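What follows is each chain in one-letter form.
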Amino acid sequence: MPYTLCAFHAHPDDEALLTSGTLARAAAEGHRVIVVTATDGDLGLTSADYRRPDAAPLGHHRLQELLESCRALHVARVEWLGYADSGSGPEIAPPAPGLERFAAADVDEAAGRLARILREESVDVLLTYDANGGYGHRDHVQVHHVGARAAELAGTPRVLQATAPRDLLCRALDVVSTFYTFPSYFDRASFDRAYSASADITHRISVRPFVAAKRASMRAHASQAASDGAERTLAAFLRIPRPVYDWVFGREWYVDPARPAGAPVATDVFEGLP
């Protein structure tokens with residue numbers, strides 16, 4: 001039976017990193033797949049080429065990259081909720097011209113925008129983020145709250161929080177560090193407290209047959225791989241040799257807070273739906 005899957009993300013490129021394998025798999029299995037981004041990602045780090053006075057705003061580039069990424073994943077619909085990137089500095093960035101910063105938005109108002117899409121599409125499964133917002137970005141934490149509220153408003157049957165088992169993630173980073181030097185701004189220690197404990201994982205999804213689509217999704221976000229100095233993390237991921245890449249990115253993980261304690265780890269995001 002075909003279902004409808006919606007992935008709700010904070011910025012263009014987040015879909016590529018956390019859920020693209022799941023999205024490609026669902027589309028290949030005949031399900032309808034939707035991606036919603038809260039912000040345009042205009043405050044993302046990039047090279048000076050994307051910040052030239054005569055260049056289009058970075059947010060415009062990033063939304064176009066999102067469309068290219070979603071084409072690689074065979075996503076049926078892509079939407080932007082209309083918010084601005086809140087930035088990763090110590091404070092929320094000042095208001096953008098004509099746009100509200102997502103982290104400063106009223107949760108119910110933002111959830112209402114998302115709930116309209118969920119109702120229009122009769123979404124069966126909504127993908128959001130865990131309570132940590134993954135690595136803690138304020139827009140990711142807001143996605144967790146807004147997504148949960150939108151599902152309540154729309155009556156969406158299942159909400160799965162995209163995450164990663166932090167112990168496995170840290171081991172993977174340590175393996176990669178044996179042949180790659182991470183840039184100076186990369187805080188390896190921060191991953192010791194990010195994402196979710198392995199014991200909390202309720203869904204472990206095999207996406208290895210779809211890693212080529214996942215890699216194409218990552219590659220689409222060229223602005224987020226560009227820099228004028230140290231190599232960006234996304235660029236580093238794309239340089240990982242394919243067998244190692246397949247091992248690192250061949251699974252995706254979720255937490256279903258409504259799943260009964262002690263239930264076996266599910267291998268399909270639609271498992272158990274009517």
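Whatever comes next refers back to the structure up there.
Nothing here was measured: the structure is a model prediction, and the numbers come from that model.

*Asks:* Can you break down the overall build of the protein chain residue by residue, with the values?
*Replies:* Of regular secondary structure, the protein chain possesses 9 helices and 7 strands. Radius of gyration (C-alpha) of the protein chain: 18 Å, near the 19 Å computed for a compact globule of 274 residues. Taken along its principal axes, the extent of the C-alpha atoms in the protein chain is 50 × 45 × 30 Å. Out of the 274 residues belonging to the protein chain, those deemed buried represent 55%. Excluding contacts between residues fewer than 6 apart, the proportion of contacts in the protein chain whose partners are at least 24 apart in sequence is 80%. Of the roughly 12000 Å² of accessible surface on the protein chain, a fraction of 54% belongs to carbon and sulfur atoms. Looking at the protein chain, you have 28 positive and 35 negative side-chain charges, and the mean spots of the two groups are 4 Å apart.

*Asks:* For the sheet that holds strand β4 (residues 125–129), give the residues involved together with the corresponding values.
*Replies:* Ordered by their spatial adjacency, 7 strands build an open sheet running β3-β2-β1-β4-β5-β7-β6, and the pairing between neighbours is mixed. Only two strands of the sheet have a single partner each, and these edge strands are β3 (77–83) and β6 (203–206). Strand-to-strand twist across the sheet, computed as the mean angle between neighbouring axes with direction ignored, equals 25°. As paired strands, strand β2 (residues 32–39) and β3 are joined by 5 bridges and run parallel to one another. Looking at the pairing, Val36 lines up with Glu79 of β3. Each of β2 and β3 is contacted by helix α3 (residues 58–73), which is oriented at about 160° to β2, the strand it contacts most.

*Asks:* Any details on the packing of α3 against helix α7 (residues 211–219)? Residues and values, ideally.
*Replies:* It is the contact of α3 with α7, at a shortest axis distance of 8 Å, that shows an interaxial angle of 170°. On the basis of the axis angle, α3 is roughly antiparallel to α7. Residues Ser69, Ala72 and Leu73 of α3 form the contact with α7, whose own contacting residues are Ala213, Lys214, Ala216 and Ser217. Partitioned by chemical class, the residues of the contact of α3 with α7 number 4 nonpolar, 2 polar and 1 charged.

Conventions used here
- Residues numbered from 1 in each chain as written.
- Predicted model: local features only at pLDDT ≥ 70, side-chain atom pairs only at ≥ 80, totals over all residues.
- Heavy atoms only, no water.
- Helix = DSSP H or I, 4+ residues; strand = E, 2+ residues; numbered from the N terminus.
- Rg over C-alpha atoms; globule rule 2.2 N^0.38 Å.
- Buried < 20%, exposed > 50% of the residue type's maximum accessible area, 1.4 Å probe, protein only.
- Contact = heavy atoms within 4.5 Å.
- Areas by Shrake-Rupley, 256 points an atom, 1.4 Å probe, with all protein chains shown as cover.
- Lys, Arg positive; Asp, Glu negative; His and termini not counted.
- Charge placed at Lys NZ, Arg CZ, Asp CG, Glu CD.
- Pairing = 2+ DSSP bridges.
- Axes fitted to C-alpha atoms, helices over the stretch in contact; angles between N-to-C directions.
- Parallel < 35°, antiparallel > 145°, perpendicular 65-115°, else oblique.
- Nonpolar A, V, L, I, M, F, W, Y, C, P; charged D, E, K, R; others polar.

Nothing here speaks to function; it is geometry throughout.
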